[in-house]
Amino acid sequence: MAHTASLPPTILVIVGAAGDLTRRKLIPALYNLHLDRQLPDRFAIIGVARRPLEDDAFRQSLREGVASFSRRGIADEAVWRTFAEGVSYLSEDVLSPASGLALSSRLAAIEKDWGVRANRIHYLAVPPQMMEPSAAMLQRLGVCRDCAHDRLVVEKPFGRDLESARALNRFLGELFVESQIYRIDHYLGKETVQNILAFRFANSLFEPIWNRRYIDQVQITVAETVGVEERGDYYDRAGALRDMVQNHLLQLLCLVAMEPPISFDADDIRNKKVDVLRAIRPFHPDAIHRVAVRGQYRRGTVLGRDVRGYREEAKVAPDSTTETFAAFTFHIDNWRWQGVPFYLRTGKRLPAKVSEINVLFHEPPHQFFPSAAVESWQPNRIVIRIQPEEGIGTRIQVKQPGTRMLLGTAEMRFRYHEAFRTPAPEAYETLLLDVIRGDATLFMRSDQIECAWQVVTPILEAWDSVPAAGFSEYAAGTWGPESADLMVARQRHSWLQPSVAPE
Ligand code: BG6
């Protein structure tokens, strides 16, 4: 692979390379970086998995993945060939005591050829139970021993509760130093998620009103139309709380609620996020049913198509009580946010694929317009749209045209694709390039992961102890169970349904 960027020679080892993540996300992202000439001049990829496979067959399966899942496809045959030349495959069973030797000599051979000690990135794209044996193999062989040059990337899920996440952190901490470990949450690589920092802290317009004095409530919705697809075995053991809330939704909450960091340094930003997680009011086991709601989809119609219920999905237990929808009321106990509810919800088989944050403002303290003028009055609101139609909108009240004073609602909006004509990179493009550069800002530090688990573990425990109580079904294609509406209605609020264009 040949490039203009002046990044150090790098070898990326993907452990678990036969899995879907490699074909669907990692290789399409790396190939797009290659198309844009953003990879290092000398860059090699080694796919490692148990099943025996020839290099060519591996490359062919990656090619199909790029053709099907990349926003740009193969784009240019000659460019694909230069990319594929740097890709090879190794069959290793990480559970075998002899594992890793072939990897170690492949790394040495590439470096001998290049005449340098390369930066080595080891990406663990393996199921949770294989995380420890894979990391131990790397350590045993010393392939990841140089703290300045060697990095370890760990995919989610990182643990399944506080205790297992702590154990995994301890385990990794004995083998590697923290600055070597990059824990992925792909939401942090999304352009609009990063834009929350720019929106809040690069404008002096919004920060003065970003607090309890002006803000009434915050709603975060991450909705998906898909079901569990081919991941029934993983999902049925995870559920929406572990799969989406502990990581993606809590990260969004942190970005909306954090204090301004003192610098753009990775740790300064991560410290402020940890402060938010630590300030989240703990859930009291007796009150959990009032602030945490779960549901599971039954049959229904999504985007005009009849779909089966969760319990009928492949590799899902027919009596499963795993939640496919979860909604919560969070409170953040600090000066800025005291008394402001943060409502979070996420679910599969909802009517639209949409992720957005709604920030709703208080009513003006004194309403002097005649009552007829304010009949259709609505509070100000800022909508941060993460996907699709990435952008930011502001709802304001204006005078309706005419001879009488009547108020109406108007929208001021910024859309990424209208403002900037260049397409945004995929989350994995940003994240992989950051690992190559050694920038950990968009990755989770060990204490962040543990704080996030600390927040959700009481809910997991409460739900596990009474699997069926308070468990509501919802028809696929609706906005989740009624109990989620009741939860916010207790505070005289209601969910704002995102406006969505058909998919
Ligand atoms: C993953 C979850 O982390 O995020 C999936 O495991 C989910 O269940 C996916 O579908 C959603 O990501 P995105 O980028 O499509 O919003």
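This is a predicted model, so every value here is computed, not measured. (Residues numbered from 1 in each chain as written. Predicted model: local features only at pLDDT ≥ 70, side-chain atom pairs only at ≥ 80, totals over all residues. Heavy atoms only, no water.)

### Some thoughts on the site of the ligand
Surrounding the ligand, one finds Lys-156, His-186, Tyr-187, Lys-190, Glu-224, Arg-231, Asp-243, Met-244, His-248, Lys-348, Lys-353 and Gln-387. Take His-248: an N or O atom from its side chain is 2.7 Å from an oxygen atom of the ligand. Protein coverage of the free-state accessible area of the ligand, which is 390 Å², stands at 83%. In terms of residues, the shell around the ligand owes the most to one element, helix H8 (residues 232-257), which gives three residues. (Near = heavy atom within 4 Å. Polar contact = N/O pair within 3.5 Å; in protein donor to acceptor, adjacent residues only side chain to side chain. Areas by Shrake-Rupley, 256 points an atom, 1.4 Å probe, with all protein chains shown as cover. Helix = DSSP H or I, 4+ residues; strand = E, 2+ residues; numbered from the N terminus.)

### Quick look at unusual backbone geometry
In this chain, Lys-156 is followed by Pro-157 through a cis amide linkage whose omega measures 5°. Of note, Pro-157 is situated in the loop between strand E5 (150-154) and helix H6 (162-175). The step from Gln-387 to Pro-388 runs through a cis peptide bond, and the omega angle for that step is -15°. Within the secondary structure, Pro-388 is located in the loop between strand E13 (381-387) and strand E14 (391-399). Of note, the phi angle at Arg-37 is positive, near 55°, even though the residue is not glycine.

### A word on the environment of Thr-225
Structurally, the position occupied by Thr-225 is in the loop between strand E7 (215-223) and H8. It is 19 Å that separates the C-alpha atoms of Thr-225 and Asp-485, two residues lying 260 residues apart in sequence.

### A short note on the packing of helix H5 (residues 128-141) against H6
Contact geometry of H5 with H6 gives a least axis separation of 10 Å together with a crossing angle of 5°. With respect to each other, H5 and H6 are oriented roughly parallel. Residues Met-131, Glu-132, Ala-135, Ala-136 and Gln-139 of H5 form the contact with H6, whose own contacting residues are Leu-168, Phe-171, Leu-172 and Leu-175. Partitioned by chemical class, the residues of the contact of H5 with H6 number seven nonpolar, one polar and one charged. (Axes fitted to C-alpha atoms, helices over the stretch in contact; angles between N-to-C directions. Parallel < 35°, antiparallel > 145°, perpendicular 65-115°, else oblique. Contact = heavy atoms within 4.5 Å. Nonpolar A, V, L, I, M, F, W, Y, C, P; charged D, E, K, R; others polar.)

### A closer look at the environment of Pro-388
Classification of Pro-388 as partly exposed rests on a relative accessible area of 34%. Separated by 35 residues in the primary sequence, Pro-388 and Lys-353 place their C-alpha atoms 7.5 Å from one another. In contact with Pro-388, other than residues within four places in its own chain, are Lys-353 and Val-354. (Buried < 20%, exposed > 50% of the residue type's maximum accessible area, 1.4 Å probe, protein only.)

### A look at the packing of aromatic side chains
Per the stated rule, a full pass over the model turns up 20 aromatic pairs. Summarising the aromatic geometry, the rings of Phe-283 and Phe-330 are spaced 5.3 Å apart at their centres and angled 80° between planes, so their arrangement reads as edge-to-face. Linking Phe-283 in the loop between helix H9 (266-279) and helix H10 (288-291) with Phe-330 in strand E10 (residues 325-330), this pair joins segments that are 47 residues apart in sequence. Of the two residues, Phe-283 and Phe-330, neither departs from the other in class, the shared state being buried. Arranged with centres 4.5 Å apart and planes meeting at 25°, the rings of Phe-368 and Phe-369 form a pair that is stacked. (Phe/Tyr/Trp six-rings, centres within 6.5 Å; stacked < 30°, edge-to-face > 60°.)

### Quick notes on the sheet that holds strand E3 (residues 87-91)
Sheets are built from strands that pair by backbone hydrogen bonding, the pairs being arranged parallel or antiparallel. As summarised here, the arrangement of the six strands in space is E3-E2-E1-E4-E5-E6, forming an open sheet in which the pairing is parallel. With one partner strand each, in any of the chains shown, E3 and strand E6 (181-183) form the two edges of the open sheet. Each adjacent strand pair in this sheet contributes to an overall mean axis angle of 20°, direction not counted. Inspection of the sheet shows strand E2 (residues 43-49) paired to E3 by five bridges, in the parallel sense. Note that in E3 the partner of Ile-46 across the bridge is Ser-88. (Pairing = 2+ DSSP bridges.)

### What about the pattern of salt bridges?
Inspection of the entire model under this criterion finds 28 salt bridges. Across the pair Asp-150 and Arg-117 runs a salt bridge, and its minimum N-O distance is 2.8 Å. Of this pair, Asp-150 sits in strand E5 while Arg-117 sits in the loop between helix H4 (101-114) and strand E4 (119-124), and the two are 33 residues apart along the sequence. Note on Asp-150: relative accessible area 0%, which makes it buried. Judged by relative accessible area, Arg-117 falls into the partly exposed class, the value being 34%. We note a salt bridge from Asp-243 to Arg-231, for which the minimum N-O separation is 3.9 Å. Here Arg-231 lies in the loop between E7 and H8 and Asp-243 lies in helix H8, a separation of twelve residues in the sequence. Since its relative accessible area comes to 2%, Asp-243 is described here as buried. Taking the relative accessible area as the measure of exposure, Arg-231 reaches 36% and is therefore partly exposed. Ionic contacts of the salt-bridge type, sharing partners, join the residues Arg-200, Glu-207, Glu-259 and Arg-336 into one network. (Salt bridge = Lys/Arg side-chain N within 4 Å of Asp/Glu carboxyl O.)

### A few points about H9
Between its first and last C-alpha, H9 extends 20 Å over 14 residues, near the 20 Å set by a 1.5 Å rise per residue. Of the surrounding secondary structure, the elements contacted by the buried residues of H9 are helix H7 (191-201), H8 and helix H13 (446-465). Two or three places before Asp-267, at the opening of H9, Asp-265 has a side-chain oxygen 3.1 Å from that residue's backbone nitrogen. (Expected span 1.5 Å × (residues − 1).)

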